[in-house]
Amino acid sequence: MVNVELFRNEGVPEANISEYLILHPKSFTANRFVEILRKVKGMGFDHLESTFLKAVHMLTIMSEASWRNKMDVYKTCGGWTEDQIQSALRKDPGCMKASEKKIMAVMDFLVNEMSYDSSIVAENPIVFCCSLEDKIIPRCSVIRVLVSRGLIKENISLGTLATLVDESFLEKFVTKYEQEVPGLMKRIGLGQNILWFWDSGLCGSWFKLPLFAQRILFFSLSALASTPHRSFYSTSILGIISTAAEEK
């Protein structure tokens, strides 16, 4: 395949090429492939990094007009300079996959609601790859409450906010402060499949359990909450929580 050879000629690692070929086989047949490859190189991407191929993929699935429009949105909405945009792209080309509407919404929330400087947002383009409703807003809501109560000193870094796995975020910012801030778990916006657990009235017993037991039971409840037999299974698990807490 000619386009594969082009990657090899550029020194792209064979492992990266193989992974990319499996994930995005259609990208190798793009009509503008040579032009796209030249553009990615001109933007300063390191051919040894996975972001090089990610940038190629972004350009193959987007029209030039769409690419330019999104670049303009980052400039006008975020006030980013050309250098800031290029730096953000090199860190995570996936930020160009976000719609123009989402780019504006994320920027507006982080800058105007959470008071992050737009330059800080530019340094963490991964936030545009996250769900605003399901991750960014709920997590920021929790952090804002903790800051206002003096439980943590300041907003956490956007990189941490966006990349911390759910289990770690819950452990570090929710369960740790649930006693001081009752109802904090509701602010995380875990959805209807989890909030019913809160409404069961057994959260008090849950917090008496060892941390490892909290984790296991919480994620078991999370998985079972969406099953057709939720009521049967949840009753059994909640019974375990209550009994274990009493024995403790």
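The rules behind each value
Residues numbered from 1 in each chain as written. Predicted model: local features only at pLDDT ≥ 70, side-chain atom pairs only at ≥ 80, totals over all residues. Heavy atoms only, no water. UniProt positions renumbered as here; feature names shortened; annotations may be inferred. Helix = DSSP H or I, 4+ residues; strand = E, 2+ residues; numbered from the N terminus. Buried < 20%, exposed > 50% of the residue type's maximum accessible area, 1.4 Å probe, protein only. Contact = heavy atoms within 4.5 Å. Areas by Shrake-Rupley, 256 points an atom, 1.4 Å probe, with all protein chains shown as cover. Axes fitted to C-alpha atoms, helices over the stretch in contact; angles between N-to-C directions. Parallel < 35°, antiparallel > 145°, perpendicular 65-115°, else oblique. Left-handed = near helix turned anticlockwise from the far one by under 90°. Nonpolar A, V, L, I, M, F, W, Y, C, P; charged D, E, K, R; others polar. Core = buried A, V, L, I, M, F, W, Y, C linked by side-chain atoms within 4.5 Å.

A UniProt comment under Sequence similarities (unreviewed entry) is attached to the protein, and it reads "Belongs to the mTERF family."

(A) Focus on the overall build of the protein. A tally of helices and strands in the protein yields 16 helices and 0 strands. The 248 residues of the protein split such that 43% are buried. Sequence-distant contacts, at least 24 apart, represent 66% of the contacts inside the protein between residues at least 6 apart. Carbon and sulfur atoms form 53% of the exposed surface of the protein, whose accessible area is close to 13200 Å².

(B) How the structure looks around the packing of helix 5 (residues 64-78) against helix 7 (residues 100-113). In the contact formed by helix 5 and helix 7, the axes pass within 10 Å of each other and the chain directions differ by 20°. Considering their axes alone, helix 5 and helix 7 lie roughly parallel with respect to each other. Of the two elements, helix 5 crosses helix 7, and the hand of that crossing is right-handed. Of the residues in helix 7, those touching helix 5 at N69, K70, V73, Y74, C77 and G78 are E100, I103, M104 and M107. For the contact of helix 5 with helix 7, the class distribution of residues is 6 nonpolar, 2 polar and 2 charged.

(C) Highlighting the nonpolar core. In this structure, F7, L110 and F128 are the most contacted members of the largest nonpolar core, which totals 61 residues. A total of 7 residues in this core trace back to one element, the largest contributor, which is helix 9 (residues 132-148). Apart from residues no more than four positions distant in its own chain, L110 is found in contact with S115, Y116, V121, V127, I136, C140 and L158.

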